[in-house]
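Chain by chain, the residues run as shown.
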Amino acid sequence: SQQGEEDPQALSIQEGENATMNCSYKTSINNLQWYRQNSGRGLVHLILIRSNEREKHSGRLRVTLDTSKKSSSLLITASRAADTASYFCATANQAGTALIFGKGTTLSVSS
Amino acid sequence: DAGVIQSPRHEVTEMGQEVTLRCKPISGHNSLFWYRQTMMRGLELLIYFNNNVPIDDSGMPEDRFSAKMPNASFSTLKIQPSEPRDSAVYFCASRTSGIDTGELFFGEGSRLTVL
């Protein structure tokens, strides 16, 4: 069963614009992770935010976490065509031993 | 490091045939995971191993699916007999184990088509 659910399912923007993706989850977490998947490729880890953190930055990525609302957001600033990919949030299963992924947000950035 | 290596990258087979997918995790990683990805169901966790021991196989859809990890550098996922609904991309991922669920490293996947 899915732990995290991303919103929106699909997002189309122009180069230079910002892209925001949201993730909601159901149970308490120790951390939440975001991954990117380019078409036909495996998933690549982007960033991990711990439950005691509210915001984290990595380059053009900004992740926020609101544990009271059980939600997270991923912001990509000044998007580029190369950012076109699917983005997934992931949290641990109940045993805390494996990652469960949402269905992802497909981002399309046109030049 | 070469990363997680999966083979074959593509497999087309006929219903009823046996399919074996292979995975070599990153050296030093002692946790290995098999996921299946479809448009309808997204990424599903099938099974994972810790120190070569299967920990949870509750995600394995049916008895037709089996997975082994005979040593720290090799794992297989077998489907016998295969059915058209098994068509999907199968991913292997590995990481170092720990109390917290850390970063997963994925292979490029094996795309299976069962006719």
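In the block above lies the structure referred to throughout.
What is the right way to look at the nonpolar core in this model?
As a rule of thumb, soluble globular proteins bury nonpolar side chains together. The biggest cluster of nonpolar side chains holds 22 residues, and the ones touching the most others in it are Leu32(A), Trp34(A), Leu74(A), Ile76(A), Tyr87(A) and Leu107(A). Considering every element that reaches this core, the biggest residue donor is strand 3 (residues 19-25) of chain A, with four residues. Non-local contacts of Leu107(A), meaning those with residues more than four positions away in its chain, are made with Leu11(A), Ile13(A), Ala19(A), Met21(A), Ile76(A), Asp83(A), Thr84(A), Ala85(A) and Tyr87(A). Counting 21 residues, the second largest nonpolar core, distinct from the first, contains Val4(B), Phe65(B), Ala88(B) and Val114(B).

Can you walk me through the sheet that holds strand 1 (residues 5-7) of chain B in this structure?
Each strand in a sheet pairs with its neighbour through backbone hydrogen bonds, running either in the same direction (parallel) or in the opposite one (antiparallel). All names here are of chain B. Reading across the sheet, the four strands line up as 1-3-8-7 and stay open at both edges, with antiparallel pairing between neighbours. Pairing within the sheet leaves two strands with one partner each, and these edge strands are strand 1 and strand 7 (65-71). This sheet shows a mean twist of 15 degrees between the axes of neighbouring strands, independent of strand direction. With five bridges joining them, strand 7 and strand 8 (residues 74-79) adopt antiparallel strand pairing. Bridge pairing in strand 8 places Ala67 opposite Leu77.

Where do I start with the state of the cysteines in this structure?
Note on terminology: disulfide describes a covalent bond linking the sulfur atoms of two cysteines. For the structure shown, the criterion picks out two disulfides over all chains. For Cys23(A), the disulfide goes to Cys89(A), at an S-S distance of 2.0 Å. Sign of the S-S torsion, about 70 degrees for the bond between Cys23(A) and Cys89(A), identifies this disulfide as right-handed. Highlighted residues: Cys23(A) in strand 3 and Cys89(A) in strand 9 (residues 85-92), separated in sequence by 66 residues. A sulfur-sulfur separation of 1.9 Å characterises the disulfide bridge that pairs Cys23(B) with Cys92(B). Disulfide Cys23(B) to Cys92(B): torsion about the S-S bond roughly -65 degrees, handedness left-handed. With Cys23(B) in strand 3 (residues 19-24) and Cys92(B) in strand 9 (residues 88-95), the pair connects residues that are 69 residues apart, well separated along the chain.

The rules behind each value
Sequence order as written defines residue numbering, which begins from 1 separately in each chain. Each chain is given a letter, starting from A, and each ligand a number, starting from 1, according to the order in which they appear as written. The predicted origin of the model limits local features to residues at a pLDDT of at least 70 and limits the giving and counting of side-chain atom pairs to 80 or more, whereas totals for whole chains, interfaces and linings rest on all residues. Excluded from the side-chain calculations are hydrogens and water; all other atoms, namely the structure's heavy atoms, are used. Take the buried Ala, Val, Leu, Ile, Met, Phe, Trp, Tyr and Cys residues and link them wherever side-chain atoms come within 4.5 Å; each set so joined is a nonpolar core. Type-normalised accessible area, obtained with a 1.4 Å probe on protein chains alone, sets the label of each residue: buried when under 20%, exposed when over 50%, and partly exposed for intermediate values. Numbering of helices and strands runs from the N terminus; a helix is a DSSP stretch of H or I covering at least four residues, while a strand is a stretch of E covering at least two. We call two residues in contact when some of their heavy atoms are within 4.5 Å. Here the rule is simple: two strands pair whenever DSSP picks up at least two bridges between them. Each axis is a line fitted through C-alpha atoms, and for a helix only the stretch in contact is used; angles between axes span 0 to 180 degrees, taken between their N-to-C directions. Throughout, a disulfide means two cysteine sulfur atoms within 2.5 Å of one another.

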